[in-house]
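Chain by chain, the residues:
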Amino acid sequence: GSNEIVAIRRMVGVPAVEIEITSTRPFPVGGALPALVIGAKTFTVSRFPSGSTDRLVFTIENSAFEALEQGAEMSVRVGGAGVWRFGPLDKAITH
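All values derive from a computational prediction rather than experimental measurement.

Draft legend 1. Spotlight on the pairing of strand 8 (residues 84-88). Alignment of strand 7 (residues 73-78) against strand 8, held across four bridges, turns out to be antiparallel. Looking at strand 8, one finds that glutamate 73 is bridged to proline 88.

What follows is the structure in structure tokens.
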């Protein structure tokens, strides 16, 4: 399947960034917490927008986002399911 970073956007009124991703392979719902791995860091604050299982939105505090390396490898893990790979991080804010 194909995996894609939909958007990286600053949140309004909160010092944080949202990273929205999508995949043609749906993410499992319930049970294990989705984890976004960027380089050596792991982020687990996420939500499914509008009840869809092919999209996830991860929230990362600004300080943590700033500390990430441009080009760090991005992947998502959910429990024992196969890894979703998203390639290198482009830190450019899209919105």
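What follows picks up the thread again.
Draft legend 2. Summary view of unusual backbone geometry. Although it is not a glycine, serine 50 adopts a positive phi angle of roughly 45 degrees. The topology assignment puts serine 50 in the loop between strand 5 (46-47) and strand 6 (55-61).

Draft legend 3. Representation of the pattern of salt bridges in the model. Inspection of the entire model under this criterion finds five salt bridges. Residues arginine 9 and glutamate 18 are paired through a salt bridge, measuring 3.0 Å at the closest nitrogen-oxygen approach. As far as burial versus exposure is concerned, arginine 9 and glutamate 18 are alike and both buried. Ionic pairing is found between arginine 9 and glutamate 20, a salt bridge with its closest N-O pair at 2.7 Å. Placement of arginine 9 in strand 1 (residues 3-10) and of glutamate 20 in strand 2 (residues 16-23) is noted, with a sequence separation of eleven residues between them. The residues arginine 9 and glutamate 20 share a single accessibility class, namely buried. Ionic contacts of the salt-bridge type, sharing partners, join the residues Arg9, Glu18, Glu20, Arg47 and Arg55 into one network.

Draft legend 4. Region of interest: the sheet that holds strand 4 (residues 41-43). If you trace the four strands from one edge of the open sheet to the other, you get 4-3-7-8, paired in antiparallel fashion. This sheet does not close on itself; its edge strands, each paired only once, are strand 4 and strand 8. The average angle at which neighbouring strand axes cross in this sheet is 20 degrees, direction not considered. Sheet topology note: the strand 3 (residues 34-38)/strand 4 ladder contains three bridges and is antiparallel. Considered in strand 4, the bridge of isoleucine 38 is made with lysine 41.

Draft legend 5. Main features of the packing of aromatic side chains. What the rule picks out here adds up to one aromatic pair. Geometry around tryptophan 84 places arginine 25 over its ring, the cationic atom sitting 3.9 Å from the centre. Positioned above the aromatic ring of phenylalanine 65 is the side chain of lysine 91, whose terminal nitrogen or guanidinium carbon lies 5.3 Å from the ring centre.

Draft legend 6. Looking closely at the sheet that holds strand 6. Strand order in the open sheet formed by four strands is 1-2-6-5, and the pairing between neighbours is antiparallel. If you trace the sheet from one side to the other, it starts and ends with strand 1 and strand 5, each paired once. In terms of strand pairing, strand 1 meets strand 2 through seven bridges, oriented antiparallel. Residue pairing for strand 2: alanine 7 is matched across the bridge by glutamate 20.

Reading guide: rules and limits
Residues numbered from 1 in each chain as written. Predicted model: local features only at pLDDT ≥ 70, side-chain atom pairs only at ≥ 80, totals over all residues. Heavy atoms only, no water. Pairing = 2+ DSSP bridges. Helix = DSSP H or I, 4+ residues; strand = E, 2+ residues; numbered from the N terminus. Salt bridge = Lys/Arg side-chain N within 4 Å of Asp/Glu carboxyl O. Buried < 20%, exposed > 50% of the residue type's maximum accessible area, 1.4 Å probe, protein only. Axes fitted to C-alpha atoms, helices over the stretch in contact; angles between N-to-C directions. Phe/Tyr/Trp six-rings, centres within 6.5 Å; stacked < 30°, edge-to-face > 60°. Lys NZ or Arg CZ within 6 Å of the ring centre and 35° of its normal.

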